[in-house]
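# Observations on chain architecture
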Amino acid sequence: MAQDFNRAMREALADAVGFVGGALAGWGLGRQFGIDFVASTDWNAQQLLGLLLIVAGCGVGRWAARRMMLRDPS
């Protein structure tokens, strides 16, 4: 039971860190390209690209965090 709880907590922590960190990284990358999705009130192709960078960052961040935090120690 304790191992199941420990793994579930590690998965939850990896998801939270990955989503938030990835979203911030995607937003920062968009800002480097001059696309600030968060501060803009317009809806155009450039802003949708900024949103896509944030969403992609969430996915990549979650994948990377789970891969690092859940690997089996050998």
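Our structure's up above, just so we're on the same page.
Predicted model, so just to flag it, every value in this text is computed and none were measured.

### What to know about the pattern of salt bridges
Enumeration over the complete set of coordinates arrives at three salt bridges. One salt bridge in this structure joins Arg 66 and Asp 15, with 2.7 Å as the shortest N-O distance. One end of the pair, Arg 66, is in helix 2 (residues 45-69); the other, Asp 15, is in helix 1 (residues 2-32), with 51 residues separating them in the sequence. The exposure class of Arg 66 is partly exposed, given its relative accessible area of 25%. By sharing partners, the salt bridges in this structure join Asp 15, Arg 62 and Arg 66 into a single network.

### A few points about the packing of aromatic side chains
As enumerated under the stated definition, the model contains one aromatic pair in all. Taken together, a centroid distance of 5.8 Å and an interplanar angle of 75° make the contact between Phe 37 and Trp 43 edge-to-face. On the accessibility criterion, Trp 43 (63% relative accessible area) is exposed. Positioned above the aromatic ring of Trp 27, the side-chain terminus of Arg 31 is 5.2 Å from the ring centre.

### Here we look at helix 2
Relative to the 36 Å expected for 25 residues at 1.5 Å per residue, helix 2 spans 36 Å between its end C-alpha atoms, a close match to the ideal helical length. Listed as buried for helix 2 are Gln 47, Gly 50, Leu 53, Ile 54, Gly 57, Cys 58, Gly 61 and Ala 65. For helix 2, the secondary structure elements touched by its buried residues are helix 1. At the N-terminal end of helix 2, a side-chain oxygen is found 3.2 Å from the backbone nitrogen of Gln 46, two or three residues along, and the residue is Asn 44.

Cut-offs and rules
- Residue indices begin from 1 for each chain and proceed along its sequence in written order.
- With the structure being a predicted model, the display of local features is reserved for residues of pLDDT at least 70 and the display and counting of side-chain atom pairs for 80 or more, all residues being used for whole-chain, interface and lining totals.
- Hydrogens and waters are ignored; side-chain quantities use all the structure's heavy atoms.
- Basic side-chain nitrogens of Lys or Arg form a salt bridge, by our definition, when they fall within 4 Å of a carboxyl oxygen of Asp or Glu.
- Per the convention used, a helix needs a DSSP run of H or I reaching at least four residues, while a strand needs a run of E reaching at least two, with both numbered from the N terminus.
- For the exposure calls, accessible area comes from a 1.4 Å probe over protein chains only, and a residue counts as buried if that area is under 20% of its type's maximum, exposed if over 50%, partly exposed in between.
- Each pair of aromatic rings taken from Phe, Tyr and Trp, with Trp reduced to its six-membered ring, is defined by centres within 6.5 Å and is described as stacked if the planes are under 30 degrees apart, edge-to-face if over 60, and tilted in the remaining cases.
- A ring is considered to have a charge above it if a Lys NZ or an Arg CZ atom is located within 6 Å of its centre and within 35 degrees of its normal.
- Every helix has an expected span of 1.5 Å times one less than the residues it contains.
- The contact definition used throughout considers only heavy atoms, calling two residues in contact when any of these lie within 4.5 Å.
- We define a polar contact as two N or O atoms separated by no more than 3.5 Å, with the added condition that, inside protein, one atom must be a possible hydrogen donor and the other a possible acceptor, whereas residues neighbouring each other in sequence contribute only through side-chain atom pairs.

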